[in-house]
Amino acid sequence: FLLVDSAGLLIASQSYFAGTPSFTNVFQVANTLDTTLDSGYIIGGQSGVDPNLIRGLIIKINNAGQVDWYKMLSANPDGSGNYWESKIVRIRQLADSSFICTGQLQTGCFQPFKMVLIKLDFYGNELWRRSFNSVNGEDSYGYDLDLASDGGFILTGRTEDSTDADVYLVKTNC
């Protein structure tokens, strides 16, 4: 968090570490940022111990730069279950104050990556989760999202196997 004056001079700065450092929470990376309706910020990224054991991370920051809440993803919406790797790559706040995000989720070592679409309420509680695989069951990753004119969402990303990668486009009605 950086606060600068009208001349661009630094007034204050703040770095964040969500949760407590532990064997499953050594580093944190921010991939996406959006402003929120309450003049705060929402950050999406990941937290973990190495590139192969990471959890998606969402941090809500208020307009004073303080953490309102944070959430780390797991295999199940209630926070239970195994996880191997997940990332939040894009997050946005919707007009109803909820948040929508995309990225990827892998629930086990030999499981495919799935493009994921998650909706959270204003307080970070997961409302629903959808995951998408390519027709061939290849690894699928979400990179960006937008609102569709019918109230659903459109997601972009990629699918890949051991020999090539393709653009992946998903249109939802949720």
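Quick caveat, the model's predicted, so the values are computed rather than measured.

Chemist: Please provide a residue-by-residue account of the sheet that holds strand E11 (residues 139-147), values included.
Modeler: The three strands lie next to each other as E11-E12-E13, forming an open sheet whose pairing is antiparallel. One side of each edge strand has no neighbouring strand; the edge strands of this open sheet are E11 and strand E13 (165-171). Averaged over all adjacent pairs, the angle separating strand axes in this sheet is 20 degrees, with direction ignored. As judged from the seven bridges shared by strand E12 (residues 153-160) and E13, these two strands associate in the antiparallel manner. Note that in E13 the partner of Arg158 across the bridge is Val167.

Chemist: Break down the pattern of salt bridges for me, citing the residues and quoting the values.
Modeler: Per the counting criterion, the structure on display carries nine salt bridges. A salt bridge links Arg92 to Asp146; the shortest N-O distance between them is 2.7 Å. Of this pair, Arg92 sits in strand E7 (residues 85-93) while Asp146 sits in strand E11, and the two are 54 residues apart along the sequence. Connected via shared salt-bridge partners are Asp38, Lys60 and Asp68.

Chemist: Could you give me a rundown of unusual backbone geometry, with the residues and numbers involved?
Modeler: A positive phi is found at Ser39, a non-glycine position, where the angle reads about 70 degrees. Mapping Ser39 onto the fold places it in the loop between strand E3 (27-35) and strand E4 (41-50). The backbone phi angle of Ser97 is positive, close to 80 degrees, even though this residue is not glycine. By the secondary structure assignment, Ser97 is in the loop between E7 and strand E8 (99-106). Overall, Ser97 belongs to the partly exposed group, its relative accessible area being 25%.

Chemist: Can you tell me about the nonpolar core, naming the residues and giving the values?
Modeler: Within the largest apolar cluster, twelve residues are counted, these being Ile42, Ile58, Trp69, Leu73, Ile88, Ile91, Phe99, Cys101, Leu105, Val116, Ile118 and Leu120. Put simply, the parts of the chain that give this core at least two residues each are E7, E8 and strand E9 (114-120). Setting aside residues no more than four positions away along its own chain, Ile118 makes contact with Leu73, Phe99, Ile100, Cys101, Glu126, Trp128 and Arg129. Membership of the second largest hydrophobic core comes to eleven residues, among which are Leu94, Met115, Leu145 and Val170.

Chemist: Describe the packing of aromatic side chains, naming the residues involved and giving the relevant values.
Modeler: All chains considered together, the criterion is met by five aromatic pairs. Judged by centre distance (6.3 Å) and plane angle (20 degrees), the rings of Phe99 and Phe122 are stacked. A residue pair is termed long-range when its members are at least 10 positions apart, and Phe99 in strand E8 and Phe122 in the loop between E9 and strand E10 (126-132) qualify at 23 residues. Taking the relative accessible area as the measure of exposure, Phe99 reaches 1% and is therefore buried. A relative accessible area of 23% means that Phe122 is categorised as partly exposed. Taken together, a centroid distance of 5.3 Å and an interplanar angle of 85 degrees make the contact between Phe122 and Tyr123 edge-to-face. You can call Tyr123 exposed: its relative accessible area is 61%. Aromatic rings pair up to connect Trp69, Phe99, Phe122 and Tyr123 into one cluster.

The rules behind these values
Residues numbered from 1 in each chain as written. Predicted model: local features only at pLDDT ≥ 70, side-chain atom pairs only at ≥ 80, totals over all residues. Heavy atoms only, no water. Pairing = 2+ DSSP bridges. Helix = DSSP H or I, 4+ residues; strand = E, 2+ residues; numbered from the N terminus. Axes fitted to C-alpha atoms, helices over the stretch in contact; angles between N-to-C directions. Salt bridge = Lys/Arg side-chain N within 4 Å of Asp/Glu carboxyl O. Buried < 20%, exposed > 50% of the residue type's maximum accessible area, 1.4 Å probe, protein only. Core = buried A, V, L, I, M, F, W, Y, C linked by side-chain atoms within 4.5 Å. Contact = heavy atoms within 4.5 Å. Phe/Tyr/Trp six-rings, centres within 6.5 Å; stacked < 30°, edge-to-face > 60°.

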